[in-house]
Structure formats: C-alpha cells, structure tokens
Amino acid sequence: MSTATTSFPPDLPAQWTALSDDGISLDSVGQLLKPIRDDLWVSAACVDRILDDATVQKSLLDLGLERTDGAASRARSAATRAGRLSSAGEDGSGEDEDAADGSDNRARHALLVSYFSDETTDAQLCRIRAVLLERLDRLNTFVEICREASVTDDSEEDEIDEEWEDDPWADGPAEPSQTSAPKSSGKPPVPLSTFLVSNLIETACLLASQENLVALRILLERHGSTLWPYRFAILDCIPEYALASEYRDLLPSYDLSSDAELRPLHKPWREVVDFTETRECTQALNECGVSAPLPPPDDHPSLAARPEPLSSSELSSWYLHRIDYVLSSTGMVDAALALVQHAASQGVPGLDEVGEDLSLMARLVYDTPQAEDSAAEDWSPERWRTMDPAEVIRAYLAHSTEERIAHDIQRLVMPYVFVLESRAERAGKPDPTLATRLLYDYILNAPLGIVAAIFEASKPTLPQGQRIIRDDADMARLALACLYGSDSIDEWPTMSRIFECLPAWDTPDEDADEADEADTTIASLGTFVTPSTAQPRATPSDLFIFFKPLPTTSLSRALDVLDVHLESGEILARWSVPAPLRWFLQSNGNVSEQRARANRMARRSNASNDKLETEEDWEWLLEDMLKLCSSGDSGTRSAFCLLSRDDIVRIFFSGLLSTGNFEVAKRLLRSSSVQLSLDQQVIEDICLQCSQEFYDNATSGNYHFGDMKLAYDCLDVPAPSARVVQEKEFIEATSRLCSFNLMSRPGIPISPIEIRLTKDRLSLVSRVLSSNNDAYKHTEVILDLVHKLGFRGDIVAEVKTLAMLAETALQVDDFARAYETSEQMVNTVLLLHSSDPLGSEAPHIQEASEVCWLTCFQLGRHPEFPDVQKKLALLGRALEFCPAEKIPDVLSTWRVLEEEDIARRRESLAPRKRGVRRVNAPRQRMTGADAVSSLASRLQSMHMPDLHIPHSPDAAALANKAFSHVAANIPFSFGGRGRSYMSDDTERSRSGSRGRADGAHVVSEQASRVLQKGIGWLLGADDDV
C-alpha cells in the first residue's frame, strides 16, 4: 500500500509545472519538488524533465529513485512471498527441478500481476523507476565521456598538431587516452538531453561515424548488453580511412579455445539488476497495461543483429569484406594493411595470403619511387590479383632511376619474389628458377641505362651475396641479348659500361675446329637477327634463348666479337653514321651493306655537327675507315671486313670530293704521310663521277656558283685529260645554254639534269635559235656551243648547226647572212668530201651532203631573195650534193630561175636595140612567163613520194617550215646518191640553149629512174621551150 499522501501546499506543483527546463536548478528541485509528498507525482515530474545540465539532471533522477524505492521494495516482497509459499507446499519427493522451477515462476508471476493490478500506483512507480535507472546509467556514461574528453579547444589543436607529427605507422597505447583520441573534444559529442532519450544503437553509430572512438568505447563498455548484437553495424559506421590501430579495442577478436569470436567483458554501472528491470517485473507490468513514460527503444529493426559470437570462418569473411571495402572505397592500402595486421595479431585464421598481398601492395603504393609529374595510380585487390608477376615487377620498378634500381630490386622485388617462391612451395609446386626467371625477364625488357646499373651491381668482383645477377654465364648471355637486341644508336658509353662489367674466362687457345664453330655461331646469329616475314625483329628475349645453350667457350668468343662491334659502333657514331649493334651481325657477310655504310660514312662526315675543315681531320677519318676494314686482335672481323683497302680509299676520296674540299683532296694526293695508292685513271674516274653528281644536283646552270661551280672545280683535281676537258666544256656549254633562258615548261627554266638527259643535244641549239632573235648572227658562238656540247670534231653536227643558222636567218629575211652561212656550210662539206678516203659513199658524208643540198635548195628557191646569181649558185650546189632522184626537182627550179634571169637581161638590153627587139621583147617575156606558169602548174599536180616540194608560194612556205623542223631534229636519213652533176665550170659558163641542152642531157641519162616517178613529161616540156 502506498505511503504517499495528497496533503501538500497547493502552490508547489503549479510552481514546478510553470518552470521551464532552463529555469530548473538544484534549489528549485529542493524547494519545489522535494516537499511534495505524493511519490507518484514527484516521480512522474522527475521522469518528465530531461535537462542538459548533468548536475540538475542527476538530482532529479536521484529524487525520483528515492520516491520509487518503496514501491520497488513492496513489489519485490510480493514476489518473494509467492516463492516462499511455493517452497512450503513442496513435498520433497525429488520431482524434476525444472518442473518445480516452472511452477514457482508461474506462481510468482501470477502473484506479481495480482499485486500490480491491485496496487496500480506501485505498478506505475516501478515502471518509472526502471526508466529512471536507465537514464541514470546513461547520465553516468555521459559524464565519463565528458571527463575523458575534457580538454580545451586550445589543447585539442595542440594534440592535432602533435598527431600530424607522429609516425602514422606507430602503434598506439593499449588504453586510449587523451593523446590517442584524435577526434575527442571538450564539448560533448551530443547534448545530454538527446543522449538520455535517443536510441543507444543510433548514438553508437553516430559516434562511430564521427570517429569519436573514445566515447564509442565507453558506450560499448558500459552498455554492452544492449549494443553487442549490433557491434558489426556500429563498426561499419567507422570511416574506411581510419586506421585499425585507432579502434583496435573495438574490433572483434578470435578465441582459439572455442574457435569463434571472443565475447568481450562489459562493465555496466550496476552489477545487480534492479527488480524493476527484471524480465518478470517487466512482463507483469506489461500484462497489467502499465506503459513506460517515453520508453527508449532498445533495438533497431533496420540493422542486422548478431547476438551470438561469429565462427572463425565468419569472422575471417567479415575482415576480408571490410578490407575489400576499405580498398575499394578509399584506395588506402595502409588502412587495409593495418586492419589485416590487427586481425592476424588476434589470431583470425585465413588471412595470411591477404596480409602478404596487402603488404606487397603497400610497398608498391607507398615505397616505390613516383614520377614528379605523374598522378598516383589506383590500386585494388582485384587489379593486384589479375596482374602476373612480371607486371608486378615492372610496376615496382617503373620509376626507378639508375642510381636507385639496384636498391629497389633488393628492397621491393626480391621480397615479392620470395613470397612467390614460398607460395609455390606451400602449394607443393616448388620452382627454384622462379626468381631468376622473373629478374632476367625484366632485365631483357629494361632500358640500357637500367641494365647497365644492374650489371654494375652484379660485377664478378663483388661478394656473391651482394650481386643481383650471380651467374657469370647468365651475365654474358643477358649482355649479348640486351645489346644485340637493342635498336639504340646513341648509347655507346652505356653499352661500354655493360661490357666492362662482364666476366672474363681463361679459355685455352682454340683450334681450327673450334674457330670454325665460333664463326658458324656468329653467322647463325647474323641470320637469326635478320628480319623476316616470320620474325620481323629479334627481341632480347629471343636472343637470350639463342645464347642459352652456348657454353662458356662460345660465349667468350661472342664477347670478343661484341668488343670489336662496340668499337666499330663508336667509330660510326663519331662520324654521324651510327648503326645498331645488330647491323654488324646482319652485314657480316653482305658486301653491299658494308659498302653502302662506308659511302655514308665518307659523305656524312661533313654534317652540321662534325664539320671537317683541316687536312688532319680528314686523315683521322681515313684512319678510322681503314681501321674498320681490318680484323681485330683476335681475328674478329670488323664493320668493313669485306672491303679491301683500295675500296676504302676510293670511297674515302669520293666522299672527300663530295664535300667540296678540293684543296684538301689535292694536298692529300700529294701528301707523303697518307698513301692513297690510287693511280691517275682511278682518280680521274672518281673526279668525273663526283663532278657529274654535283652537276645532276645543281639547280642552276651557272658554273660560277653553287653545285655547278663545285662540278667544274672538281675537275681541277685530276691531271688534265681528254675526258676531263670534255666534261668541263660540257659544263661551260650548260652554263651558256642556261644564260639563253631556255624553258623546260612555261615559266620554269631548264635544269642542268634535263640538259644532260637530252638525247638530241642539237635540239637545244635549235631551241636557243628559236627563242633568241639575234643568236643566229653569232655563228662562231653557236658553233663553239655545239663543240662544247660534245660535238667537237663532228663535221656532221657542224653542218647541221650551220643549216639551222641559215634557216633561222632565212626566216627573218636576213638573206645576206643566210647566204654567208650557206657558203660556210658548203665549204665544210667540200672539205669533208676531200678529207675522207671513202668519198661520198661514207654515211656521215651522205648525211652532211643531205643537209647541205636541202639548205641550199631552200635558200636558192626563196622568192624574196633578190640576188639571182647567188640563188643560182646555191641551186648549183644543191644539184651537186642532192641524190639523183631529186635532180629533176632542183632542175625545175633552176630552169624557172634561169628564164627569169634571161628575161630581166633582155629587158635591160632592149633600149640599145630597135624594131624587132622592141616588138620581140614583150613576146619573149610572155613566153617566159607562160613557161614558168606551165611548169609551176605541172609541178603542183606532180606526186613526189620521197620529197614534197611544190612550187606555189604557199607550198614553199610549208616546205620551209617542214625543213626547219627536220633540221632541228636530226638525223637526216635519206637514201644513197650518185655522183655530182654540176661543177664550178658549168655554173660559170651557162647560156639558155646550153643550159637546156645540158639539162635535157642530164634528164635523159636518168630517164629510166624518173619515168617511174611520174615526171617523164619533163622531156617534152624541154622540147616545147
């Protein structure tokens, strides 16, 4: 029965109710609440107020517990009486204890329900007491949290600074303290009012997400019974980037004895649970319908509860899942490594391989050197597991320098390789060659600078334990494979560094069979490195396989060859014609390759970076070239081993001339210190060849500058000879031709190479005459040009040139110069006739005569040429040199011209005579005109298959144009001709009747030939006249 009374001053409850939460203090509690004697009202008032002031809140809770203590005692006594009654009724017959306990519990529960049903005030007070006890425990927890985190803001900043200075890998102390809680602060993590009524699981998750690990540890320690089933959900709220060392006390541990998760020991505030918090009291209150005021929920439906300890496999799975989640969400390998290390320290099974991988990944992420300008790569367990060992090693050493590579291999690669070996042994598949195979694979694909640094850390003079490559034969094989498999042409010092680290074996002198075997090996190696469709390029790995079976004797011989090739490579690189080492193997039996490289060496020696100015420089080049054609000390053949000394000297001299250093070339030819051993004919051939190269490369024909000047000056090096003079004259002719502004195409001047490639060089003279109006006036200049074009002593070419000059003069109506040139041409042909023992039967005489008579005939028949006597003389020369079948045509022109001459003479004599002459003169002129007209008409209708020369003015112009084209494009090809039919005497003693008689006589002698050509009527015409 409740002891509470309802007699109290009427104003105290009203005054309490009127107070706000902020207005409540210890005094108000003592003055307004304690005097009230109604325990239920005071208890309800205490449970109703939730304050942020811990002291006042504690006074309220203490007051409420004081007022509810009596009700709790009475309820406990009621339950106790029910137990005693049940015990008194037992007969001690030894019935099953479980049945007795069940009966006792049912009796206690029934009596307690009956009591709460009768005493509703005590029932409500018991419910309130349970709430107040829960709040008191939380208040104590809150106070402890604040006490652990009682630091000022200034001291917190100092602690943060100290934390950043600490080693992140250092382990923290066993018990968290102020200096080990980076997220602690002087302020409470949540307000007291919130902490008292909120869900403990949510509060724990909040503290975990805030990394308030000290508060979370206290909360889990004091309220473990409530939070233990949700421990994994709370741990998942801790940020993934947090290191396990900071919350290791919160992580699950492993109990080896039970092979399951170790349940931690909790430290609740009250070791003995109050009766009002027991299950039987709670159930009785629930059956009586007494609800708690603002009851805090003890569970969280959305979170999975794990009230029982996890098995060892489940615990390993949780750690693996947490590790993967940390890596996938943050990429922080150190955080994942710290987590797995903690799990291993707690004895969690199944994490050894994961720990090894994370340890190796941590080395890759944090210990490997990184490029300054490259972004950090993202690494994950999935990527790590998909990488093969070779890729991992390359990743370890991706940014290693020559200075660090040896240290990085010992520090990063070798531990990784040892882990792989141990795993293979654990799997029952030991592989003793795994370490060397992976290391050699990296070396074969590494840059030469890295390879050199590795070889320097593997010298045979170093202690065996310090060497990276510990097998001498493998060192030689790796060096040969890396050097001959490299395409580098500018790392000769690095290659020499590698060679200097190689071992030297004391091998006995090899006999003939061993020497042949070594040469065969080198030849096979040359074939192996030569590109083919099946193998475009031999890689260092391929070459290492090639060298793998070779014994030390063969390897020693190969190193001797390598020594010679390195020296040769340095010499070639010195003169700007570098070649990879594999080239020396490929060209070992290819003379064309060696000759091409020697030519490049001689001709590239004057590149922009190695100008050779002095005679000593060129002597140095010759010395190096001769060195390359000799064999080494051990009989090893060098780069130009297939070329003789004379070949090298010729190539050198040709290269010297190609640079334009002609004075140096002359001095070297006369030098006593350098024996070039070249005879004059070879020197002349080389100079002519180099001169032609300069000529062909020239862009301008002027031989006073540029490549054309070099072509001309190059011919001063050898002694003068007919070939040299001829070439120099051709260069002079080229320069003169270009001075006439000849065009290859409209707007594009002719180039020297086009002049040399012109098959008919007389056509160039024709182009000069056609493109320059006054060129024909300079006969001697044109003839000199023809001579220098290569026609010196060629009378036929001279005659053709004179014919072109006469034709050009005729086209511009310069008849005097045309006649003068024709006379010179006739005299040249006559001189040719008299000088040749074969006479007119010689082909070249026939060709010259053909050109001569056509030119004379063309000028002699020209209607605008006023001088009849000169025209008759030209026609006479045409009759003299023309073929027999062409005589009728020439004679026809002669007859017409002679009739006109006779008519003019008669007209000039008419004033001296009288009568008949005055009458007959017109008749005679008419008769002459009629004859000319009749002859012209007959000739126009005549068909001449061999030569079309009509007599009308238009046809004459066409013939003139046709001859000009034919004369410009030689050769003139006509059939044979008979003897001459006119002489100088017949030309000077000529009359009308005799001329006709002589003409008829000549025609009658040729009647048998001219009749078949359709001109037999000519004899009848003569009779009519």
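Here we summarise the structure given alongside this text. (Residues numbered from 1 in each chain as written. Predicted model: local features only at pLDDT ≥ 70, side-chain atom pairs only at ≥ 80, totals over all residues. Heavy atoms only, no water.)

Describing the nonpolar core
Thought 1: By size, the foremost hydrophobic cluster in this structure holds 241 residues, and its most contacted members are Tyr396, Ile443, Phe455, Met601, Phe640 and Leu657.
Thought 2: Looking at this core element by element, the count peaks at ten residues for helix α22 (residues 472-484).
Thought 3: In contact with Phe455, other than residues within four places in its own chain, are Ile443, Ile469, Met475, Leu478, Ala479, Ile498, Cys501 and Leu502. (Core = buried A, V, L, I, M, F, W, Y, C linked by side-chain atoms within 4.5 Å. Buried < 20%, exposed > 50% of the residue type's maximum accessible area, 1.4 Å probe, protein only. Helix = DSSP H or I, 4+ residues; strand = E, 2+ residues; numbered from the N terminus. Contact = heavy atoms within 4.5 Å.)

A closer look at a negative patch on the surface
Thought 1: On the surface, Asp560, Asp563, Glu567 and Glu570 cluster together into a negatively charged patch.
Thought 2: Along the chain, Asp560 turns up in helix α26 (residues 552-574). (Patch = residues over 30% accessible without salt bridge, like charges linked within 9 Å, V, L, I, M, F, W, Y side chains within 5 Å. Areas by Shrake-Rupley, 256 points an atom, 1.4 Å probe, with all protein chains shown as cover. Salt bridge = Lys/Arg side-chain N within 4 Å of Asp/Glu carboxyl O. Lys, Arg positive; Asp, Glu negative; His and termini not counted. Charge placed at Lys NZ, Arg CZ, Asp CG, Glu CD.)

Notes on the environment of His833
Thought 1: By the element assignment, His833 lies in helix α39 (residues 815-835).
Thought 2: For His833 and Ile845, which are twelve residues apart along the polypeptide, the C-alpha to C-alpha distance reads 6.8 Å.
Thought 3: Side-chain polar atoms of His833 contact the side chain of Ser849, separated by 2.9 Å. (Polar contact = N/O pair within 3.5 Å; in protein donor to acceptor, adjacent residues only side chain to side chain.)

Quick word on the packing of aromatic side chains
Thought 1: Tallied over the full model, the rule gives 17 aromatic pairs.
Thought 2: Taken together, a centroid distance of 5.8 Å and an interplanar angle of 55° make the contact between Tyr115 and Phe116 tilted.
Thought 3: Aromatic pair Tyr695 and Phe730: ring centres 5.4 Å apart, planes at 35°, arrangement tilted. You can see Tyr695 sitting in helix α32 (residues 680-697) and its partner Phe730 sitting in helix α34 (residues 722-739), a full 35 residues away along the chain.
Thought 4: Accessibility expressed as a relative area gives 0% for Tyr695, which makes it buried.
Thought 5: What links up through ring pairs into an aromatic cluster is the set Phe232, Trp318 and Tyr319.
Thought 6: One Lys or Arg, Arg597, reaches over the ring of Trp583 and ends 4.7 Å from the middle of that ring. (Phe/Tyr/Trp six-rings, centres within 6.5 Å; stacked < 30°, edge-to-face > 60°. Lys NZ or Arg CZ within 6 Å of the ring centre and 35° of its normal.)

Topic: the packing of helix α30 (residues 645-658) against α32
Thought 1: It is the contact of α30 with α32, at a shortest axis distance of 10 Å, that shows an interaxial angle of 40°. Taken together, the axis directions place α30 and α32 in an arrangement best described as oblique. α30 and α32 meet at a crossing whose hand is right-handed. Taking contact as the criterion, the partners of Arg650, Phe653, Ser654, Leu657 and Ser658 in α30 are, on α32, Val682, Ile683, Ile686, Cys687, Cys690 and Phe694. (Axes fitted to C-alpha atoms, helices over the stretch in contact; angles between N-to-C directions. Parallel < 35°, antiparallel > 145°, perpendicular 65-115°, else oblique. Left-handed = near helix turned anticlockwise from the far one by under 90°.)

Remarks on the state of the cysteines
Thought 1: Across all of its chains, the model carries zero disulfides by this definition.
Thought 2: The closest cysteine sulfur to the non-disulfide-bonded Cys288 is located on Cys281, 9.5 Å from its own sulfur.
Thought 3: Taking the relative accessible area as the measure of exposure, Cys288 reaches 25% and is therefore partly exposed. (Disulfide = S-S within 2.5 Å.)

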